[in-house]
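Close look at the chain arrangement
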Amino acid sequence: MKLAFRTLVFSLALLFLQSVSPATARAADLVWRHGIATIGELKYPEGFKRFDYGNPDAPKGGSINVSELGTYDTFNFVLDKGELPGSISMLYDTLLTPADDELSSSYGLLAEALSYPDDFSYAVFRLRPEAKFADGSPVTPADVVFSFEKYKELNPKFTQYYAHVTAAEVTGEREVTFRFDDKGNRELPSIVGQLPVISKAWWQANGPDGKPRDISKTSLEPPMASGPYKIAAFSPGSTITYELRDDYWAKDLNVNVGRNNFKTVKYSFFADRDVEFQAFKGHNLDWWWDNSAKRWATAYDFPAAQDGRIKREELENEYRKRGVMVGFIPNMRREQFKDKRVRQALNYAFDFEELNRTIFYNSYTRINSYFFGTELASSDLPKGEELEILDSVKDLVPPEVFTTPYTNPIGGDEIKERQNLRRAIDLFKQAGYEIRNRQMVNVKTGEPFTFEILLDGPIIERVALPYVANLAKIGIKATVRSVDASQFTNRLRAFDYDVVYQGWTQSMNPGNEQTGYWGSQSAERPGSDNYAGIADPGIDALIKKVIFAPNRDTLIAAVHALDRVLLAGAYVVPSYSRRSLPIAYWNNVVRPDNLPEYSMGFPDLWWAKSAEKK
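We now turn to the structure provided with this report. Just so it is clear, the structure is predicted and the values come from calculations on it, not from any experiment. (Residues numbered from 1 in each chain as written. Predicted model: local features only at pLDDT ≥ 70, side-chain atom pairs only at ≥ 80, totals over all residues. Heavy atoms only, no water.)

**A closer look at the side chain of Asp-93**
Worth spelling out the cut-off: Where helices and strands are cited, they refer to DSSP runs of H or I of at least four residues and of E of at least two residues respectively, numbered from the N terminus. Throughout, exposure labels follow a simple rule: accessible area from a 1.4 Å probe, protein chains only, divided by the maximum for the residue type, with under 20% read as buried, over 50% as exposed, and the rest as partly exposed. Positive: Lys, Arg. Negative: Asp, Glu. His and the chain ends are not part of the count. The term salt bridge refers to a side-chain nitrogen of Lys or Arg lying within 4 Å of a carboxyl oxygen of Asp or Glu. For this analysis, a polar contact is any N or O atom pair within 3.5 Å, provided that within protein one partner can donate a hydrogen and the other can accept it, and provided that sequence-adjacent residues contribute only side-chain to side-chain pairs. Contact criterion: two residues are considered in contact whenever any of their non-hydrogen atoms come within 4.5 Å of each other.
Looking at where Asp-93 falls in the secondary structure, it is placed in the loop between β2 (63-69) and β3 (96-98). No salt bridge forms around the buried Asp-93; measuring N to O, its nearest opposite-charge neighbour Arg-245 is 6.2 Å away. One polar contact links Asp-93 to Tyr-248, side chain to side chain, over a distance of 3.0 Å. Not counting the four nearest positions on each side in its chain, Asp-93 is found in contact with Leu-109, Leu-110, Leu-195, Pro-196, Val-197, Ser-226, Gly-227, Pro-228, Tyr-248 and Trp-249.

Structure, rendered in structure tokens:
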């Protein structure tokens, strides 16, 4: 959390202590480490040759055609403005890079080593002397400092994510020190290691038009970075072709063995998933992940899928390391959604079981946790350390978290549906509403209860429209609006919606990002991920306990407590998930046999069939 208000004397003392910390660190003989693990110990020793899943014989060359849903109108990775292609990360290196066969470990990429004390009050990174940008210039500590400062200055999400990182400064020829505002936050050295480093000199130079580049504005000038790929060609909003750099400085580094195998990677952008699938069927795309249970079950009856030219698999790897919460999120910045009983009632009108039977081929499971599918999900009644944590904030959290485990309403037949809708009507009545002339209205004002559901394209319409039909049975007029990617992004950033279908993914090591998801300070900050507008002192207190948990057991207990209180707040109508990823791909691309435990390694570890030796 950000520092609270302090007296002038204490502030000056704090500034003095911070100003001498790098010198103190220098005098203390830094202990250098080749990586960092926030869960358990590092798997790989110093000087390791490669990750176990890194195939040293993976052939390089060939091409692959893939896709993204949506569009793009900027390449400026620093900003939270415009539509940025997700694939842009192929251009950038970070200080550290994760090992995908460990839950939360990172090893040196741009940085050859890092150092931090036992109290995690600062972290020092030592850059590799061979690290270079694409123009051949070295990656320097000044570039790291510039990157950090610009991300925090210009991007609200980075501002929140790095809220506890107070400064970055050059402390040696190849060293940069990050200072933290508190002690005991084990995650901070790791998350600053995730920093994508940009070139200070390039951004401060003139662009091809002869004018100074402006990092505070969106731009379609291909950026110069230090990563393995460069942008070879693009058509704004339509396609991007990335080309592997022959002179990539880290191509032989141990963390990169077996990676970055395609010579070219072309991304095409689509506004409609059905059109995107037709492009895959016609072999205009080589790889496809399917988000429709019906399509996955019924639409692969064409020749290429039947004769083996297309392979189909369901991989669990990506889901072994993350939890998820997704659903219909009421915006509590709107007066009508402030009452928890109203939000609870909305859940009773959502019949997941009927949807699962009729359109999902019973392939999904209802989400019942903000950390669904992981050991971090709460269950049953609190006990042990979790109960102790909840007792410490007892006056700030709903009393039912101690007595009643969270459960979603269960539908699926007419009797259960009627019972659920009766319960919804009762909750609305408790909140001051009643049905008049088949409309749910506010008893005092007579105003009908209506709202709009905002969707990012038409994919979820088949879920939202039956939900709207159920709501109509209790007198609520809800409408569905599907908008294009740009409009959705802008409205999401401005919190310009009644109800939005959206969600959050969770790592196995939750930390600072929780403040951005549901901390009070993010509730009114445009561009934050606090879609519901949660501002609750009990949740704020539990977020602190998560961030400053001294060990894994306490972290799990604190996350269980946080999850339980979030569920009790009825901030979302949970939808559904599956714990495997359905993928299909043409036989001109090759999936490695040895995939990492927590990733399917695409496209990094895959390669082109044409690149194999004949």
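Let us keep going from here.
**Some words on the sheet that holds β2**
Short version of the rule: Strands were regarded as paired on the criterion that DSSP finds at least two bridges between them. Only the stretch in contact is used when a helix axis is fitted, and all axes are lines through C-alpha atoms; the angle between N-to-C directions ranges over 0 to 180 degrees.
An order of β2-β11-β10-β9 is seen for the four strands of this open sheet, with the pairing classed as mixed. The open sheet has two edge strands, β2 and β9 (229-235), and neither has a second partner. The sheet shows a mean angle of 20° between the axes of neighbouring strands, direction not considered. Its contacts with the sheet put helix α6 (residues 273-281) on β2 and β11 (264-270), and the angle it makes with β2 is roughly 170°.

**Focus on the pairing of strand β4 (residues 105-108)**
Here three bridges tie strand β1 (residues 35-37) to β4, and the two strands are oriented antiparallel to one another. Considered in β4, the bridge of Gly-35 is made with Tyr-107. Pairing between β3 and β4: three bridges, direction antiparallel. Counted as the bridge partner of Thr-97 is Tyr-107 from β4. Counting the residues in the hairpin turn of β3 and β4 gives six residues.

**Some remarks on the pairing of strand β20 (residues 499-507)**
Direction of pairing for strand β14 (residues 322-330) relative to β20: antiparallel, over a ladder of nine bridges. Residue Gly-323 lies in a different strand from β20, and its bridge partner there is Gln-506.

**Let's talk about empty space enclosed by the protein**
Put simply, the rule reads: Grid spacing is 1 Å over the protein atoms alone, the probe is 1.4 Å, and a cavity is where that probe fits but cannot get out, while a pocket is an open set with protein on both sides within 12 Å along at least five of seven lines and lining residues have an atom within 4 Å of a point. Grid points are joined across faces, edges and corners, and a volume is the space filled by probe spheres set on the points. Following the grouping adopted for this structure description, the nonpolar residues are Ala, Val, Leu, Ile, Met, Phe, Trp, Tyr, Cys and Pro, the charged ones are Asp, Glu, Lys and Arg, and the polar ones are all others, Gly among them.
Inspection of every chain in the model, using the stated rule, returns one cavity of 30 Å³ or more. Quantified by volume, the largest cavity comes out at close to 30 Å³. Along its surface, the largest cavity is lined by Tyr-348, Phe-350, Asp-351, Gly-411, Glu-417, Asn-420, Leu-421 and Asn-470. Looking at the lining of the largest cavity, the element that brings in the most residues is helix α12 (residues 414-430), giving three residues. Its residues assigned to classes, the lining of the largest cavity shows three nonpolar, three polar and two charged.

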